[in-house]
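# Results of the structural survey
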Number of protein chains: 2
Amino acid sequence: MPSPTSLDIWQALKRQAETMNQPDNHLSRLLESRERNESCLLQYDGMSYDYVYQRVTPQIMAMLKSLAQEQDICGRFKDMADGKQVNNTEHRAALHMAARQFSDQAVLVDGVDAMPEIRRVRDQIRGFSQDVHAGRIVGSTGKPFRDVVIIGIGGSYLGTEFVSTALQAYAKKGIRLHYLSNVDIHNFGEIAAIIDPEATLWVVVSKSYTTAETLANEMLARQFMFQKGLDPAKHIVAVTSKGSPGDRPENPMLATFHMFDFIGGRYSVTSAVGGVPLSLALGYDIFERFLKGAESMDHHALAADETANIPLTAALISIWNNNFLGYPAQAIIPYATPLRCLASHVQQLNMESNGKMVTANGQFLDIPTGMIQFGEPGTNAQHSFFQLAHQGRPFPVEFIGILEPQYAGLDVKTKGVTGHQELWANLLSQSMSLALGSRGNDVFRYFPGNRPSSLLVLKDLSPERVGGLLSFYEAKTIFEAFVWGINPFDQFGVELGKTMATGIREAMAQKNLDADHNFADVDPISRHYLKQLYQS
Amino acid sequence: MPSPTSLDIWQALKRQAETMNQPDNHLSRLLESRERNESCLLQYDGMSYDYVYQRVTPQIMAMLKSLAQEQDICGRFKDMADGKQVNNTEHRAALHMAARQFSDQAVLVDGVDAMPEIRRVRDQIRGFSQDVHAGRIVGSTGKPFRDVVIIGIGGSYLGTEFVSTALQAYAKKGIRLHYLSNVDIHNFGEIAAIIDPEATLWVVVSKSYTTAETLANEMLARQFMFQKGLDPAKHIVAVTSKGSPGDRPENPMLATFHMFDFIGGRYSVTSAVGGVPLSLALGYDIFERFLKGAESMDHHALAADETANIPLTAALISIWNNNFLGYPAQAIIPYATPLRCLASHVQQLNMESNGKMVTANGQFLDIPTGMIQFGEPGTNAQHSFFQLAHQGRPFPVEFIGILEPQYAGLDVKTKGVTGHQELWANLLSQSMSLALGSRGNDVFRYFPGNRPSSLLVLKDLSPERVGGLLSFYEAKTIFEAFVWGINPFDQFGVELGKTMATGIREAMAQKNLDADHNFADVDPISRHYLKQLYQS
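Residues numbered from 1 in each chain as written. Chains lettered and ligands numbered in written order. Predicted model: local features only at pLDDT ≥ 70, side-chain atom pairs only at ≥ 80, totals over all residues.

### Comments concerning the overall build of chain A
Looking only at helices and strands, chain A has 19 helices and 15 strands in total. Against the globule reference of 24 Å for 536 residues, chain A gives a C-alpha radius of gyration of 25 Å, in line with a compact fold. Seen along its three principal axes, the alpha-carbon backbone of chain A occupies a region of about 75 × 60 × 55 Å. In chain A, buried positions account for 60% of the 536 residues. Put simply, 74% of the contacts in chain A that link residues at least 6 apart link residues at least 24 apart. (Helix = DSSP H or I, 4+ residues; strand = E, 2+ residues; numbered from the N terminus. Rg over C-alpha atoms; globule rule 2.2 N^0.38 Å. Buried ≥ 20, exposed ≤ 12 C-beta atoms within 10 Å, placed from the backbone. Contact = placed C-beta atoms within 7 Å.)

### A short note on the packing of helix H6 (residues 115–133) of chain A against helix H10 (residues 272–282) of chain A
Residue and element names in this part refer to chain A. It is at 9 Å that the axes of H6 and H10 come closest, and there the two elements cross at 25°. Comparing their axes, H10 and H6 come out roughly parallel. Along this stretch, H6 crosses H10, giving a crossing that reads as right-handed. In this structure, H6 uses Val-121, Ile-125, Ser-129 and Val-132 to contact H10, whose residues at the interface are Ala-272, Gly-275, Val-276, Ser-279 and Leu-280. Its residues assigned to classes, the contact of H6 with H10 shows six nonpolar, three polar and no charged. (Axes fitted to C-alpha atoms, helices over the stretch in contact; angles between N-to-C directions. Parallel < 35°, antiparallel > 145°, perpendicular 65-115°, else oblique. Left-handed = near helix turned anticlockwise from the far one by under 90°. Nonpolar A, V, L, I, M, F, W, Y, C, P; charged D, E, K, R; others polar.)

### Quick look at the domain arrangement of chain A
Residue and element names in this part refer to chain A. Domain annotation of chain A identifies domain 1 (4–70 + 304–489), domain 2 (96–289) and domain 3 (496–535). Here the C-alpha centroids of domain 1 and domain 2 sit 33 Å apart. At the level of elements, helix H13 (342–354) and helix H17 (463–484) are the ones that each hand at least two residues to the side of domain 1 that touches domain 2. For the side of domain 1 that touches domain 2, the element with the highest residue contribution is H13, accounting for seven residues. (Domains from an automatic or database assignment.)

### A closer look at the relation of the copies chain B and chain A
Here two copies of a chain appear, and what relates them is a rotation about an axis with a shift along it. In screw terms, the move from chain B to chain A is a rotation of 180° and a rise of 0.0 Å along the axis, fitting with an RMSD of 0.0 Å. Taken together, the rotation and translation relating the two chain copies correspond to the operation of a two-fold axis. (Least-squares fit on C-alpha atoms with pLDDT ≥ 70 in both.)

### Section: the sheet that holds strand S11 (residues 372–374) of chain B
All names here are of chain B. Read across the sheet, six strands follow the order S1-S2-S15-S12-S10-S11 without closing on themselves; strand pairing throughout is mixed. Either end of the sheet is taken by a strand with one partner, and the two such strands are strand S1 (41–44) and S11. With strand direction ignored, the average angle separating the axes of adjacent strands in the sheet is 15°. Relative to strand S15 (residues 453–460), strand S2 (residues 47–50) runs antiparallel, the two being bridged by four bridges. Residue pairing across strands places Met-47 opposite Leu-458, the latter belonging to S15. Contacting strand S10 (329–334) and S11, helix H13 (residues 342–354) runs over the sheet at an angle of about 165° to S11. (Pairing = 2+ DSSP bridges.)

### Some thoughts on the pairing of strand S12 (residues 397–404) of chain B
Residue and element names in this part refer to chain B. The element S12 is largely enclosed, with a buried count of seven among its eight residues. As paired elements, S10 and S12 share four bridges and run parallel to each other. Each bridged residue has a counterpart across the sheet, and for Ile-332 the counterpart in S12 is Glu-398. Across seven bridges, S12 lies against S15 in parallel orientation. Paired with Glu-398 across the bridge in S15 is Ser-454.

### Considering the interface of chain B and chain A
The partner chain A presents 117 residues to the 117 residues of chain B that form the contact. A per-element tally of the side of chain B that touches chain A places helix H16 (residues 419–436) of chain B first, with 13 residues. Residue composition of the side of chain B that touches chain A, grouped by class: 55 nonpolar, 46 polar and 16 charged.

### What about the packing of helix H11 (residues 284–303) of chain B against helix H17 (residues 463–484) of chain B?
All names here are of chain B. Where H11 meets H17, the closest approach of the two axes is 7 Å, and the angle between their N-to-C directions is 45°. Here H17 runs oblique to H11, going by the angle between their axes. At the point where H11 passes H17, the crossing takes the right-handed sense. In this structure, H11 uses Ile-286, Arg-289, Phe-290, Leu-291, Lys-292, Gly-293, Ala-294, Ser-296, Met-297, Asp-298 and Ala-301 to contact H17, whose residues at the interface are Pro-463, Glu-464, Arg-465, Val-466, Gly-467, Gly-468, Leu-470, Ser-471, Phe-472 and Ala-475. Class assignment for the residues of the contact of H11 with H17 results in eleven nonpolar, five polar and five charged.

### Comments concerning the sheet that holds strand S2 (residues 47–50) of chain A
Residue and element names in this part refer to chain A. Spatial ordering of the open sheet is given by S1-S2-S15-S12-S10-S11, a layout of six strands whose pairing is mixed. Sheet topology places strand S1 (41–44) and strand S11 (372–374) at the edges, where each strand pairs with a single neighbour. Put simply, the sheet's adjacent strands are angled 15° from each other on average, direction ignored.

### Here we look at the confidence of the model for chain A
For chain A, the mean per-residue pLDDT works out to 96, and 99% of the residues sit at or above 70. Across the assembled chains, the prediction reports ipTM 0.96 with pTM 0.97. (pLDDT = per-residue confidence, 0-100.)

### Observations regarding helix H5 (residues 73–81) of chain A
All names here are of chain A. Those residues of H5 that fall on the buried side of the exposure criterion are Ile-73, Cys-74, Arg-76, Phe-77, Met-80 and Ala-81. What you see down the axis of H5 is that its buried residues fit within an arc of 160°, all on one side. Those residues of H5 that are buried are in contact with helix H4 (58–70), helix H11 (284–303) and H17. Immediately downstream of H5, the backbone of Gly-83 shows phi near 90°, a positive value. (Arc of directions from axis to C-beta.)

### What to know about the nonpolar core
By size, the foremost hydrophobic cluster in this structure holds 348 residues, and its most contacted members are Val-148, Ile-150 and Val-203 of chain A together with Val-148, Ile-150 and Val-203 of chain B. Not counting the four nearest positions on each side in its chain, Ile-150 of chain B is found in contact with Tyr-157, Thr-160, Leu-177, Tyr-179, Leu-180, Val-203, Val-205 and Pro-277 of chain B. (Core = buried A, V, L, I, M, F, W, Y, C linked by C-beta atoms within 7 Å.)

### Quick look at helix H6 (residues 115–133) of chain B
Relative to the 27 Å expected for 19 residues at 1.5 Å per residue, H6 of chain B spans 27 Å between its end C-alpha atoms, a close match to the ideal helical length. The secondary structure elements touched by the buried residues of H6 of chain B are strand S9 (255–259), helix H10 (272–282) and H11 of chain B. (Expected span 1.5 Å × (residues − 1).)

### Notes on unusual backbone geometry
The step from Gly-378 of chain A to Thr-379 of chain A runs through a cis peptide bond, and the omega angle for that step is 5°. Position of Thr-379 of chain A relative to the elements: it lies in the loop between S11 and helix H14 (380–383). Residue Asp-110 of chain B is not a glycine yet carries a positive backbone phi of 50°. Position of Asp-110 of chain B relative to the elements: it lies in the loop between strand S3 (108–109) and strand S4 (112–113). On the basis of neighbour counts, which here come to 9 C-beta atoms within 10 Å, the residue Asp-110 of chain B falls in the exposed class.

### As for the environment of Ser-271 of chain B
Residues and elements named next belong to chain B. As for its placement among the helices and strands, Ser-271 is situated in the loop between S9 and H10. Taking the number of C-beta atoms within 10 Å as the measure of exposure, Ser-271 has 28 and is therefore buried. Taking the C-alpha atoms as reference points, Ser-271 and Arg-122, 149 residues apart in sequence, are found 8.3 Å from one another. Sequence-distant contacts of Ser-271, defined by excluding residues within four places in its chain, comprise Ala-99, Met-259 and Ile-263.

Okay, structure coming up:
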């Protein structure tokens, strides 16, 4: 695969960007073309994506699609779905889409169909969660489970947190989820203070069952159970690889659910990693509806051509904003409180996948890849950081609107409109005012406008639509990576810090054994803080 | 005040930045000077700030201090403390520091001492919260209050949420806080589903008591209470301006606490806006300790010279990273779960204050001002977006460490170290590895390094330290603004969207009265979505 910047089409797009930066091409001018505007709306299965407020013309979109074709991003997406080793640096397939496949089609990994095992794990999750809800599986003192603590790191929880928050209105099983994701004792202390130990199920998520932070937290949990006189074997389940230390008879627990090395942490929400906690909190049926929504969007991402493909188009616009118009960051602003954890999930998904400087072939890139992703719900964001969006440093915004809210029955009217309608008035006016700007009555009220945004609209916040949203952001991230030619499935950037932590950890372990240890082997800056830590 | 870019020192700093961008000045080289390294550590009252991992030399720091002196930022900070109209565009003082002043000193606003009223409100908060805790003030059916819902927008709640989360370990009053900050019916629906209506106190925060979103939510709350047969007058308090519609006898409620137009929303945590909910959740005594911590840092920001002043130094480094080295964003990474809401608060505080393009005198600036601020707690962030920090697009990081954690008694050892020690091993190794980088064994494990960070260390997470942290970020934000010559206290950038929302709201109100209304007066893009909304 050639470096994208070596392509003629890349250079031609750079010239387009120069033209776009002329004052004549202010968004307010682009918006004068009704034909252009109407070409910007894509729709699929309860989702619409509208890039009318992006700084693009039909010609630019056509050129971006040529770029996509030259990089064969649809072909590579299909390779991924077919189980090929698209994660070449780790010699693995990337099969998160298989986790939500309900068809009879085989997915071959090294010649073996992966689907029977995936179906077995789904059936196991259904059976286990139904047993918990019916009180057939209870804690060691006979209490039904009410609190579920998920022990895991980064990738294992941000997606689950996003989905469980988005579907909180469907959580009718009387079970609360808690996330013990950090080795920080504060994280454990806060959870220990509010759970009922006898009614608590601990879900330990670890592919290798050797991750230091996860095992440290599992040990805290076991010690906590011992102190309360509870039997850990009746309060723990594991989500782990077949044959890992968490999957052995000498480590007795209520159940073990397998995860697979062809699904990475940040893509694992639809596997057992998300499946176990989400089925416990929402019920397996809701989880399956969520999976089917993701599956539907997967089909679209795989089958729709470049002109109609929503995640592909969003990826191309992202690359246009990043590499051609030069925006370093993008905001995700859902006008829907239940999507308040979406930005953190996408932040991980996109920044960890695409924060790379080397192509999958090992060539250094001469352009930045991933953008900084951040966001808060609207209208909250309007009253916090939108000042910067309107009058300071510009950044593209992805606005998300919901047509039918979850709690419509509670709404009342003020100023003649419901709260939900008021929310929409704000969403529409923000995207428009960022685009158009205004001369204002004085310099302090001058708005330059020309600030791009997209409108992503969901019919509702049903499990299916939330599944579609998850799949949309996964596919968008992967399409971006394929344009750049990078591998969105590895994460070698996390290794150096871990390696350096080892030396510091070992020095502290020595100090814990020998009070006279003086950290002589540690670098002077760390030594200063280690001494402070032992003085306090 | 001249534009900063017209100063000779600004141009000299630009030349320094060119030199700093030479490979010879990689951070790993700068770190070889022990004298330089030791000059980078500042300390005050249980806080230390270390910029050893920033891309600066003693010469650059001296030049940045000259810039600060030429812009007289200390003089203007003192003007602010003295009650002068530093918020010139709105003709107001900016006296958030007076809210936590416990000395006898007068603070004159237009010739009148503001302190007696501030003290009266503090006393009122103490009395009210003690009455609630003692059960002397109860709901209309006699139940003590257990749930407190804060109705307000943006600035009114992010700071309170940050502080209440940071001090959750001190919340022993059996009262939970909930934030109804969005006009989104989901926000109300989620809260209504979990509170006990008879035991719920609603705190309506609105300076003018005319803000549309706040009043819409107050109406929802009143309707909810009527439906439950409760008397709203016994379940609502207001935090509002003297004489506002929320402060009139025809609007009966349990109590009214005054706020002042010389304290803006994002600077209001230490006023009654934060004081009422925080005193209810934590107790007034804890709130007062928090205030005194903020007061102590205020004294430092006012009195310490440029070389020793922590928030001033942090502001200068921020400007160096932003305007000279060209970083567009900065991450705030507390290695402390209780500080998980800090980044959202600072995001608002800094981006709303400093997202400006015009100086306080009305001159357009030719440089960007505010940076994008975002963050998540470590180690979580290591497993999510630090891939981008190490190998993708660089951004400066503010690491925050805590020497003594809140839940130390629960900690256990794995690999010979406690969880808290493990956390510190990670914090120290991340800052070091970002700075030093590594050649690695292959291109995928190549780390360029030279990525700057600061280390902000707090002795503990006591109320005093959290108050100091709040004041630090306020002062840092204001010092930055004073270097640029902008007004950090206004926010005209929020107005255009509000104005445009009016037209859309009115069209919907018409449609609600007349089903045949066809949105003919609305722009075509908004019209498309309004039609969708009424079809669904």
